[in-house]
Amino acid sequence: MNPANIIAALTLLETLFQQVAGVVSDIKAAQAAGTDLTAAQVEGYRDAANAAIAQLEADIQAANKPPAS
Amino acid sequence: MNATNWFDTHGTKVLAVLLAIATALEALDPAVLTGTLGPKAPLWITLAATIFAAAHAVVSATNTTPPTPPPAAGKPAGGFVRLELAAILAIMAVAAGCAALGITQPLTFNEQLAAGYQSDAGIATTADQLLKAGKISAADAQNVETQAVNLREALDIANMVEATDAATGGNKLQAAITAINALVTYLATFK
C-alpha cells in the first residue's frame, strides 16, 4: 500500500467531483430561479477549459523536454 | 484473483454496462420509469458507476504488484491507469449529460454548453494529473489534449451558430456532446 498514491488518486477524484458539482450547482440555481445561465457564466467554464488545456500542453512540453545532462 | 486483477479483467465491461444502462434509461419517457423502475433509476445507476470508479481508483492506487506482463522498457504501466482514466472520464461525460445528477428539467442550450466546457476541462485536468504522476506517457497525454481541443472548438462553433440559428446551433451542440460520449466509449473499452 502506498499512501502517497492513495492521496493522489483521491485528490484527483475530489477535484473532478468539485468541478462537476460546480456546474450542476449553477444549473440547479438557475433552474430554481427560472432563469438561464448567463453568457458570462458560460464564458467562465470556457475559460476554465482553456486553462486546463494550456496547463496540459505545458506539462506535455515539459515531459518531452530531454533531461539536462 | 485479487481485487486489482478483478478490476483489470472486468472493470471496463462493468463500467461500460452501467453507463449504457444509465444512458438508455435517461432516453426513456420518464412516465415509463415512474411505472416500473422508478424515476430515479438513472441516478442510482450513475451513482453505482461513480462508486465503482472511485473503488477502482483506490484499489489501483494501493496496488504494489507490477502489471503482468510488465511494461516494455521506457513505457508506463498503462493497463490499470488507462482503466482508471477511462472511469474518471466516464464520470465527466455523464456530467455532460447531467440528467442523472439530480437535474430533472430539460437543459437549456447554455446549460448544456457549460456542462460541455466543464467536461472538457475535466478531461484535460485528469490527463494532466496522470501525466505529472508518470502514469501515462506524453504521447497518450498529447492524444487526449488533441481531443480536448477539438471538443472545445466544436462547442465554440455550436455557440456561434446558435446566435443566428438556434436549431442548427442546437444540433451542432448535440453533435459535440455525442463526440464526448464517443470518446468516452472508446476510452472505456481501451486498456
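Everything here concerns the structure above.
Residues numbered from 1 in each chain as written. Chains lettered and ligands numbered in written order. Predicted model: local features only at pLDDT ≥ 70, side-chain atom pairs only at ≥ 80, totals over all residues. Heavy atoms only, no water.

A. A look at the packing of helix α5 (residues 109-132) of chain B against helix α6 (residues 138-164) of chain B. Residues and elements named next belong to chain B. At their nearest, the axes of α5 and α6 sit 10 Å apart, and the two run at 165 degrees to each other. As far as their axial angle goes, α6 and α5 are roughly antiparallel. Judged by the sense of rotation from one axis to the other, the crossing of α5 with α6 is left-handed. Mapping the contact onto sequence places Phe109, Leu113, Gly116, Tyr117, Asp120, Ile123, Ala127 and Leu131 in α5 and Ala138, Ala141, Val144, Ala148, Leu151, Arg152, Leu155, Asp156, Ala158, Asn159 and Glu162 in α6. Within the contact of α5 with α6, the residues separate by chemical class into 13 nonpolar, 2 polar and 4 charged. (Axes fitted to C-alpha atoms, helices over the stretch in contact; angles between N-to-C directions. Helix = DSSP H or I, 4+ residues; strand = E, 2+ residues; numbered from the N terminus. Parallel < 35°, antiparallel > 145°, perpendicular 65-115°, else oblique. Left-handed = near helix turned anticlockwise from the far one by under 90°. Contact = heavy atoms within 4.5 Å. Nonpolar A, V, L, I, M, F, W, Y, C, P; charged D, E, K, R; others polar.)

B. Highlighting the side chain of aspartate 120 of chain B. Mapped onto the fold, aspartate 120 of chain B is located in helix α5. At 5.6 Å, arginine 152 of chain B is the nearest oppositely charged side chain to aspartate 120 of chain B, a buried residue that forms no salt bridge. Within the local environment of aspartate 120 of chain B, its side chain forms a polar contact with the backbone nitrogen of arginine 152 of chain B, the two atoms lying 3.5 Å apart. Not counting residues up to four positions away in its chain, the partners in contact with aspartate 120 of chain B are Ala49 and Ile53 of chain A together with Ala148, Leu151 and Arg152 of chain B. (Buried < 20%, exposed > 50% of the residue type's maximum accessible area, 1.4 Å probe, protein only. Lys, Arg positive; Asp, Glu negative; His and termini not counted. Salt bridge = Lys/Arg side-chain N within 4 Å of Asp/Glu carboxyl O. Polar contact = N/O pair within 3.5 Å; in protein donor to acceptor, adjacent residues only side chain to side chain.)

C. Seen up close, α5 of chain B. All names here are of chain B. The terminal C-alpha atoms of α5, which comprises 24 residues, lie 35 Å apart, in line with the 34 Å expected from a rise of 1.5 Å per residue. In terms of residue burial, α5 counts as a mostly covered element, since 22 of its 24 residues are buried. Taken from the residues just after α5, glycine 134 is the one with a positive phi, measuring 75 degrees. (Expected span 1.5 Å × (residues − 1).)

D. Representation of the nonpolar core. Judged by nonpolar contacts, the single largest core of 21 residues is most densely connected at Leu56 of chain A together with Leu131, Ile136 and Ala141 of chain B. Elements supplying a minimum of two residues to this core: α1 (3-32) and α2 (39-64) of chain A together with α5 and α6 of chain B. Residue contacts for leucine 56 of chain A: discarding those within four places in its chain leaves Ala124, Ala127, Asp128, Leu131, Ala141 and Glu145 of chain B. Among the nonpolar cores identified, the runner-up in size contains 18 residues, and Tyr45 of chain A together with Phe109, Leu113 and Ala158 of chain B belong to it. (Core = buried A, V, L, I, M, F, W, Y, C linked by side-chain atoms within 4.5 Å.)

E. The pattern of salt bridges, seen in detail. All chains considered together, the criterion is met by 3 salt bridges over all chains. Between lysine 132 of chain B and aspartate 59 of chain A there is a salt bridge; the shortest N-O distance is 3.9 Å. Within this pair, whereas lysine 132 of chain B is found in helix α5, its partner aspartate 59 of chain A is found in helix α2, the two belonging to separate chains. In this structure, the salt-bridge partner of lysine 132 of chain B is aspartate 128 of chain B, at a minimum N-O distance of 3.6 Å. Here lysine 132 of chain B pairs with aspartate 128 of chain B, and both are found in helix α5, just 4 residues apart, close to one helical turn. Ionic contacts of the salt-bridge type, sharing partners, join the residues Asp59 of chain A together with Asp128 and Lys132 of chain B into one network.

F. Quick look at the packing of α2 of chain A against α6 of chain B. The interhelical angle for the contact between α2 of chain A and α6 of chain B, taken along N-to-C directions, is 155 degrees, at an axis separation of 10 Å. By the criterion of interaxial angle, the relationship of α2 of chain A to α6 of chain B is roughly antiparallel. In this structure, α2 of chain A crosses over α6 of chain B, and the sense of that crossing is left-handed. In contact with Arg46, Asn50, Ile53, Leu56, Glu57, Ile60, Ala63 and Asn64 of chain A of α2 of chain A, α6 of chain B contributes Ala138, Ala141, Gln142, Glu145, Ala148, Val149, Arg152 and Asp156 of chain B. Among the residues making up the contact of α2 of chain A with α6 of chain B, the classes are represented as 8 nonpolar, 3 polar and 5 charged.

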